[in-house]
Amino acid sequence: MLSLSSVCPGRKMASLRIRMQPCLFSVLLLNVLCSFVSALYFHIGETEKKCFIEEIPDETMIIGNYRTQLYDKQREEYLPATQGLGMFVEVKDPDDKVILSRQYGSEGRFTFTSHTPGEHQICLHSNSSKFSLFAGGMLRVHLDIQVGEHANNYAEIAAKDKLTELQLRVRQLVEQVDQIQKEQNYQRYREERFRQTSESTNQRVLWWSIVQTLILVAIGIWQMRHLKSFFEAKKLV
Amino acid sequence: MLYLSLTCLLLLNACVVSGTEITFELPDNDKQCFYEELEKDVKFDIDFQVISGGNYDVDCFVTDPHDNALYNEKKKQYDSFSHTTTMKGVYKVCFSNEFSTFTHKVVYLDFRHGNEEPILDSMKRTTALTQLESSCVAIHEILKVVADSQTWYRLREAQDRTKAEHLLERVTYWSIGETVLLFVIGIGQVMMLKSFFSDKKGSVAATT
């Protein structure tokens, strides 16, 4: 574990720390009050279910933010959806076990941490049962998924652990390196699975070739013997 | 040299990008579009890869707010596309699997645009960074490249792994199918031959 005090000169840190404190609190407050900024968006139909796959190592946190907008025919533009309209979020782990299954409002944020490495599936669909709500149009969903180190809220960490700017930068580097190491462990696990699949295929092809040859020879012999006895019985041979 | 590298790092800090990477499933005969609202003179990069399904290819096109095609490629397995926006508006990235009749594809998309927000507002100042801070920024950039490289290899490996698993499945089904076929044909041939001779014997007996 990197020792922050050994990295940064003491006196400079003290003066920085005094200046940082009120700044950090205001930044934290701003972060909390700040609404979700626009991100990539897509359209989803009434009963449509959109699924996204995240292949992640274990013990990795994922934070998903979404915001919905509904097309308003009168104003002919997309406006934030009504409170009654919510999205149903379902998250499945690589073994197809449901780890999160909840309904959120028209704007929501879901978090989960993976306990097994592999492909996790995040599915979203609207909970609307009244077809008139969509007015024949589509629901616009802004989605932002942050994985691992990107999911960390550094302003919060800085305020909680009372870190200066430099300490925070170093903390970010530590988190990044952690994530890289987790990914490498996952890569080792994946390579093993790939190797097992290949060896399995190799074995099956080998056995099948042998068995097929034996079956062919056996059927050939049986056919000839059977026909010979048949023709002898018919007195043609 | 040191000052030059420091200023370079400072500029590098200002020019880094942030974005969204998602992996989604594209059913057969379907089209999926993603939209992003961008300002003018913003550089964006799009990276996509087909991870599984059929021939591992997909159609992709990118349009600007006036529906002009900026990028239009058919049946690509993976590609990168870069563009600097000339107007403010909604840019669209679409993937189409309409040429495929029964294979659904899994596509990975990485949409990077604009500048990365510094993790603290106090970092937005434009004064020169100290040597330690510049080192931190440099390491941060390199680690981002490492993480991107890992993602690239993870995707290639995922594609190879899906191919290997499909191969295993197909070998298994083909083995079982061929065993059944062999037995059916072997016994069937003998039965048919016997039936030919049985009829002839009957007609021969009738004529003599």
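What you see is a predicted model, and the numbers here were worked out from it, not measured in a lab.

(A) Representation of the overall build of chain A within the structure. Along its length, chain A carries four helices and nine strands. Overall, chain A shows an N-to-C arrangement of helices and strands of α-α-β-β-β-β-β-β-β-β-β-α-α. In chain A, which comprises 237 residues, the proportion classed as buried is 43%. The contacts in chain A between residues at least 6 apart in sequence include a share of 74% that link residues at least 24 apart. For chain A, the accessible area works out to roughly 13800 Å², and carbon and sulfur atoms hold 55% of it.

(B) Seen up close, the overall build of chain B. Check the secondary structure of chain B and you find two helices and eight strands. Looking at chain B as a whole, 42% of its 208 residues are labelled buried. The contacts of chain B with a sequence gap of at least 6 include a subset with a gap of at least 24, amounting to 79%. Accessible surface, chain B: about 11500 Å² in total, of which carbon and sulfur atoms supply 61%.

(C) A look at unusual backbone geometry. All names here are of chain B. Non-glycine residue D67 carries a positive phi angle of around 65°. Looking at where D67 falls in the secondary structure, it is placed in the loop between β4 (58-63) and β5 (69-76). In this structure D67 comes out as exposed when scored by relative accessible area, which is 58%. In this structure, K75 takes a positive phi of about 45° despite not being glycine.

(D) Just a nonpolar patch on the surface, in detail. The grouping of Y173(B), I176(B), V180(B), L181(B), V184(B) and I185(B) at the surface amounts to a nonpolar patch, some 610 Å² of accessible area in total. Note that L181(B) resides in helix α2 (residues 131-207).

(E) Here's a closer look at helix α3 (residues 154-161) of chain A. Residues Y154(A), A155(A), I157(A), A158(A) and A159(A) constitute the buried set of α3(A). Looking one or two residues beyond α3(A), the residue adopting positive phi is K162(A), at roughly 55°.

(F) Looking closely at the nonpolar core. Within the largest apolar cluster, 45 residues are counted, with the highest numbers of intra-cluster contacts made by F24(B), F95(B) and L109(B). In this view, L109(B) contacts L40(A), T20(B), E21(B), I22(B), F24(B), F34(B), I46(B), D47(B), F48(B), V93(B) and F95(B); residues no more than four positions away in its chain are not counted. Within the second largest apolar cluster, nine residues are counted, among which are A155(A), L163(A), L168(A) and L120(B).

(G) Structural detail: the state of the cysteines. All names here are of chain B. Tallied over the entire structure, the rule returns two disulfides over all chains. Between C60, a cysteine without a disulfide, and C94, which holds the nearest cysteine sulfur, the sulfur-to-sulfur distance is 8.2 Å. Of the residues examined, C60 reaches a relative accessible area of 0% and is grouped as buried.

(H) Quick look at the domain arrangement of chain A. All names here are of chain A. Domain boundaries assigned for chain A yield domain 1 (39-151) and domain 2 (152-236). Centre-to-centre separation of domain 1 and domain 2, based on C-alpha positions: 31 Å. Each partner contributes to the interface: domain 1 provides 13 residues, whereas domain 2 provides 12 residues. Between domain 1 and domain 2 lies a buried interface of about 910 Å² when both sides are counted; carbon and sulfur atoms form 49% of it.

(I) Structural detail: the packing of α3(A) against helix α4 (residues 165-233) of chain A. All names here are of chain A. Their axes nearest at 11 Å, the elements α3 and α4 cross at an angle of 120°. Considering their axes alone, α3 and α4 lie oblique with respect to each other. Crossing of α3 over α4 shows right-handed handedness. Residue-level inspection shows Y154, I157, A158 and D161 of α3 in contact with α4, the latter providing L168, R171, Q172 and E175.

(J) Focus on the side chain of Q69(A). Looking at the secondary structure, you find Q69(A) in strand β3 (residues 61-72). Within polar-contact distance, the side chain of Q69(A) engages the side chain of H142(A) at 3.2 Å.

(K) Here's a closer look at the UniProt feature "transmembrane region" (unreviewed entry) in chain B. Residues annotated by UniProt as "transmembrane region" (unreviewed entry) correspond here to residues 171-193 of chain B. The span residues 171-193 of chain B carries 100% helix and 0% strand; its end-to-end C-alpha distance comes to 32 Å.

(L) Spotlight on the interface of chain B and chain A. Counting residues at the interface gives 61 residues for chain B, matched by 59 residues for chain A. When chain B packs against chain A, the two sides together hide about 5600 Å² of surface, and 67% of this comes from carbon and sulfur. A per-residue breakdown of the area chain B buries against chain A is headed by Y35(B), I119(B) and R154(B), which together make up 11% of the total. The interface formed by chain B and chain A contains four salt bridges. R193(A) is the partner of E165(B) in a salt bridge, and the nearest nitrogen-oxygen pair spans 3.0 Å. The interface formed by chain B and chain A includes 16 residue pairs in polar contact (both at pLDDT 80 or more). When contributions to the side of chain B that touches chain A are tallied by element, the ones reaching two or more residues are β1 (18-26), β2 (31-38), β8 (105-113) and α2 of chain B.

(M) Examining the UniProt feature "transmembrane region" (unreviewed entry) in chain A more closely. Under the UniProt annotation, "transmembrane region" (unreviewed entry) lies at residues 205-224 of chain A. The straight-line gap between the two end C-alpha atoms of residues 205-224 of chain A is 29 Å; of that span, 100% is helix and 0% is strand.

(N) Quick look at the environment of K40(B). Residues and elements named next belong to chain B. Relative to the assigned elements, K40 resides in the loop between β2 and β3 (43-52). Between the C-alpha atom of K40 and that of M87, which follows or precedes it by 47 residues, the distance is 4.6 Å. Setting aside its immediate chain neighbours within four residues, K40 contacts T85, T86, M87 and K88.

Cut-offs used in this document
Residues numbered from 1 in each chain as written. Chains lettered and ligands numbered in written order. Predicted model: local features only at pLDDT ≥ 70, side-chain atom pairs only at ≥ 80, totals over all residues. Heavy atoms only, no water. Helix = DSSP H or I, 4+ residues; strand = E, 2+ residues; numbered from the N terminus. Buried < 20%, exposed > 50% of the residue type's maximum accessible area, 1.4 Å probe, protein only. Contact = heavy atoms within 4.5 Å. Areas by Shrake-Rupley, 256 points an atom, 1.4 Å probe, with all protein chains shown as cover. Patch = residues over 30% accessible without salt bridge, like charges linked within 9 Å, V, L, I, M, F, W, Y side chains within 5 Å. Salt bridge = Lys/Arg side-chain N within 4 Å of Asp/Glu carboxyl O. Core = buried A, V, L, I, M, F, W, Y, C linked by side-chain atoms within 4.5 Å. Disulfide = S-S within 2.5 Å. Domains from an automatic or database assignment. Buried area = accessible area lost by both parts, 1.4 Å probe. Axes fitted to C-alpha atoms, helices over the stretch in contact; angles between N-to-C directions. Parallel < 35°, antiparallel > 145°, perpendicular 65-115°, else oblique. Left-handed = near helix turned anticlockwise from the far one by under 90°. Polar contact = N/O pair within 3.5 Å; in protein donor to acceptor, adjacent residues only side chain to side chain. UniProt positions renumbered as here; feature names shortened; annotations may be inferred.

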